[in-house]
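Report on the structure
Spelled out from the first residue to the last, the chains are:
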Amino acid sequence: MGDFSLLAAYKQEFIDGFLTTLSASLLALVLSLCVGTIIACLRLSQVQLLEWIGTAYVEFFRNTPLVIQVFFFAMGLPSLGWNISEFTAGAIGLSIYTGAFIAEALRAGIQSVPRGQMEASRSSGMTYIQSMRYVILPQAFKIVIPPLGNQCVNLVKNSSVLAIIAGGDLLYAADTVSSQTFQINLTYLFVAALYLVITLPLSFGVNQLERRLARQS
Amino acid sequence: MIQFEQVNKYFGDFHVLKNIDLKIHSGEVVVIIGPSGSGKSTLLRCINRLETVTGGKLIVNQTDLTDPRADINRLRQDIGMVFQHFNLYPHKTALENISLAPRKVRKTPVDEATKQAKQYLSKVGIPEKADAYPAQLSGGQQQRVAIARGLAMKPKIMLFDEPTSALDPEMIGEVLDVMRDLAREGMTMVVVTHEMGFAREVADRVIFMDEGMIMEENAPAEFFQNPQEERTRRFLSRVLKH
């Protein structure tokens, strides 16, 4: 199938790519959770305009290709005179895209919390935001752990979009190595295994978390 | 303290509340009875604006609830509400359920709020359940925690929306006992219930509602012994027989 020793020479490329994928994913995960929470709250708002903004956001970013969104941040913004690194462009694109999916998962979770919870907390004088923060969201997060876990795994895999804007991630490293060594099958299989190193523990962790939360309630 | 003036409410085409005129004074215990669908819960929920009225005037604690600029969060701090299905926060302990609003709304420091929450738990008779989660409590205990939660904001008015309807029969007594004590202490209470014994014993005034209207209101002795309206007599004969 190929000569594995040829790849050893590119150890540093793989390490750099792995770390870039990992850090882009982590950064995008935190950002997309923030974006998703805000958009979900907008979608559930009683204020018509806010709800419309939330819906427009979700429908636009969920229904257009991630590649185009990342292209915009990587090349569109610099052409308008706003220079950002490929890494930043990729991370922002991923956050905005994944945020739309997370918003939908959160919205479903929030709506599955019984109405009486909001009524009880609002009745005690808490504002809408306080009720959300202390009563509704903690319960909703429990419900959305499984779909959120899916989004995390997708996010890590989607971070490979960095490769096409020369973002220096794992897939980019693989492209570089395979074009220089012609060990195509071996390189991509190896890199796929490296993605698994990130995603399998993630899946496992989400499953554990789900089980622990289920036991609590 | 609470004043309905010609209040009307519609759910779509459905006329739930029809020309309601009602005055409730400070310290009064008013029990609202009536068949299901008569609008009694809706009337109660208008008082803290969980439901908005469609027409007329509703004044609670000097606040005009029909005024769109009314500070509803401020108003609700002074009105405790107890629900049929308790609506405790399942992810918080009994103590946290009680101390949450005082901490976040009244900005009471944590230790002070916790201390007070313990006092209210003792008041409703289950100080030993402070660290229990709602799922670990019986229905009667949950409802008592819910009452303590309402009291913790030191409200001027307590609203009860069928507080014993979701309870097993042997747990109804413990909840009614807590409510009876509250009434004795002079709390202003509006109670929607099917517990006729409680109405007879504790209420200052009983209100009978049917089809969105207040059909009859009177002091409990007079109301139960000598109902004026035919509709009230029919209702009472059906609920008092068993």
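Residues numbered from 1 in each chain as written. Chains lettered and ligands numbered in written order. Predicted model: local features only at pLDDT ≥ 70, side-chain atom pairs only at ≥ 80, totals over all residues. Heavy atoms only, no water.

With respect to the overall build of chain A
Applicable threshold: Strands here are runs of E lasting at least two residues and helices are runs of H or I lasting at least four, both read from the DSSP assignment and numbered beginning at the N terminus. Each residue is assigned to one of three classes by its accessible area relative to the maximum for its type, calculated with a 1.4 Å probe on protein chains only: buried under 20%, partly exposed between the two thresholds, exposed over 50%. The accessible surface values rely on the Shrake-Rupley method and a 1.4 Å probe; as for residues, cover is taken only from the protein chains in view. Under the counting rule used here, the positive set is Lys and Arg, the negative set is Asp and Glu, and His together with the chain ends is not counted. Throughout, a charge is located at the NZ atom of Lys, the CZ atom of Arg, the CG atom of Asp or the CD atom of Glu.
Across its full length, chain A carries 9 helices and 0 strands. Listed N to C, the secondary structure of chain A is α-α-α-α-α-α-α-α-α in terms of helices and strands. Principal-axis analysis of the C-alpha atoms gives chain A an extent of 70 × 50 × 20 Å. For chain A, buried positions account for 47% of its 217 residues. Just so you have it, chain A exposes about 11,000 Å², and 67% of that area is on carbon and sulfur atoms. Positive and negative side-chain charges in chain A, numbering 12 and 11 respectively, have mean positions lying 17 Å apart.

Some remarks on the UniProt feature "transmembrane region" (unreviewed entry) in chain A
All names here are of chain A. Short version of the rule: UniProt positions are given in the numbering used here, feature names are shortened, and annotations may be inferred rather than shown by experiment.
Those residues carrying the UniProt feature "transmembrane region" (unreviewed entry) are residues 20-45, 66-84 and 186-206 in this numbering. Measuring from the first to the last C-alpha atom of residues 20-45 gives 37 Å, for a span that is 92% helix and 0% strand. Secondary structure content for residues 66-84 is 74% helix and 0% strand, and the end C-alpha separation is 18 Å.

Digging into the pattern of salt bridges
Heads up, the rule is: Note on definitions: salt bridges are taken to be side-chain nitrogens of Lys or Arg within 4 Å of carboxyl oxygens of Asp or Glu.
Tallied over the full model, the rule gives 24 salt bridges over all chains. Note that Glu 104 of chain A is salt-bridged to Arg 62 of chain A, the shortest N-O span being 3.8 Å. A residue pair is termed long-range when its members are at least 10 positions apart, and Glu 104 of chain A in helix H5 (residues 86-111) and Arg 62 of chain A in helix H3 (residues 48-62) qualify at 42 residues. Judged by its relative accessible area of 28%, Arg 62 of chain A falls in the partly exposed class. Arg 184 of chain B is the partner of Asp 181 of chain B in a salt bridge, and the nearest nitrogen-oxygen pair spans 3.4 Å. On the criterion of helical spacing, the pair formed by Asp 181 of chain B and Arg 184 of chain B is a turn pair, its members being 3 residues apart in helix H6 (residues 169-184). Accessibility expressed as a relative area gives 37% for Asp 181 of chain B, which makes it partly exposed.

Here's the deal with unusual backbone geometry
Residue and element names in this part refer to chain B. Positive phi is not limited to glycine here, since Arg 49 has a value of about 60°. Along the chain, Arg 49 turns up in the loop between helix H1 (40-47) and strand S4 (55-60). Positive phi outside glycine occurs at Lys 154, with the angle close to 50°. Examined against the element boundaries, Lys 154 turns out to sit in the loop between helix H5 (139-151) and strand S7 (157-161).

So, the interface of chain B and chain A
So the rule is basically this: Whether two residues are in contact is decided by their heavy atoms: any pair within 4.5 Å suffices. The term buried area means the drop in 1.4 Å probe accessible area that two parts suffer when joined, counted for both and summed. Counted as a polar contact is a pair of N or O atoms within 3.5 Å, where, for protein atoms, one must be capable of donating a hydrogen and the other of accepting one, and residues adjacent in sequence contribute only when both atoms are in side chains. Residue polarity follows a fixed list, in which Ala, Val, Leu, Ile, Met, Phe, Trp, Tyr, Cys and Pro are nonpolar, Asp, Glu, Lys and Arg are charged, and the others, Gly among them, are polar.
In this complex, chain B contributes 22 residues to the contact, which on the side of chain A involves 17 residues. Interface of chain B and chain A: buried area, both sides summed, is about 1,600 Å²; carbon and sulfur atoms make up 54% of it. Inspection of the region where chain B meets chain A yields 1 salt bridge. Here Arg 45 of chain B makes a salt bridge to Glu 119 of chain A, at a shortest N to O gap of 2.7 Å. Counting across the chain B and chain A interface gives 7 residue pairs in polar contact (both at pLDDT 80 or more). Every element with two or more residues in the side of chain B that touches chain A is listed here: helix H2 (72-77), strand S6 (79-82) and helix H3 (94-104) of chain B. Partitioning the side of chain B that touches chain A into residue classes produces 11 nonpolar, 5 polar and 6 charged.

Details of the sheet that holds strand S9 (residues 205-210) of chain B
Residues and elements named next belong to chain B. Worth spelling out the cut-off: A pair of strands is treated as paired once DSSP finds two or more bridges between them. To obtain each axis, a line is fitted to C-alpha atoms, and for helices this fit is confined to the stretch in contact; angles are then taken between N-to-C directions over 0 to 180 degrees.
Read across the open sheet, the 6 strands follow the order S6-S7-S8-S3-S9-S10; overall the sheet is mixed. Where the open sheet ends on each side, the last strands, each with one partner, are S6 and strand S10 (213-218). Each strand of the sheet is rotated relative to its neighbour by a mean of 15°, with strand direction disregarded. Across 5 bridges, the pairing between S9 and S10 is antiparallel. Bridge pairing links Phe 208 to Glu 216 in S10. In the packing of H1 onto the sheet, the strands contacted are strand S3 (29-33), S6, S7, strand S8 (188-192) and S9, and the crossing angle to S7 comes to about 150°.

Quick word on helix H9 (residues 230-240) of chain B
Residue and element names in this part refer to chain B. Defined as follows: Note that the arc is defined by the directions from the helix axis to the C-beta atoms.
Those residues of H9 lying buried are Arg 231, Thr 232, Phe 235 and Leu 236. Summarising the axial view, the buried residues of H9 lie within an arc of 125°, below the 170-degree limit, and thus occupy one face. The inward-facing, buried residues of H9 abut S3, helix H7 (196-202), S9, S10 and helix H8 (220-225).

Focus on the nonpolar core
To be explicit about the condition: In this text, buried Ala, Val, Leu, Ile, Met, Phe, Trp, Tyr and Cys residues form a nonpolar core when linked through side-chain atoms within 4.5 Å.
Judged by nonpolar contacts, the single largest core of 76 residues is most densely connected at Ile 2, Phe 4, Leu 58 and Val 60 of chain B. With 10 residues, H5 of chain A is the largest single contributor of residues to this core. Apart from the residues lying within four places of it in its own chain, the contact partners of Val 60 of chain B are Met 1, Ile 2, Ile 47, Leu 65, Leu 75, Ile 79 and Ile 157 of chain B. Ranked by size, the runner-up nonpolar core spans 48 residues in total, among them Val 29, Phe 86, Ile 98 and Leu 236 of chain B.

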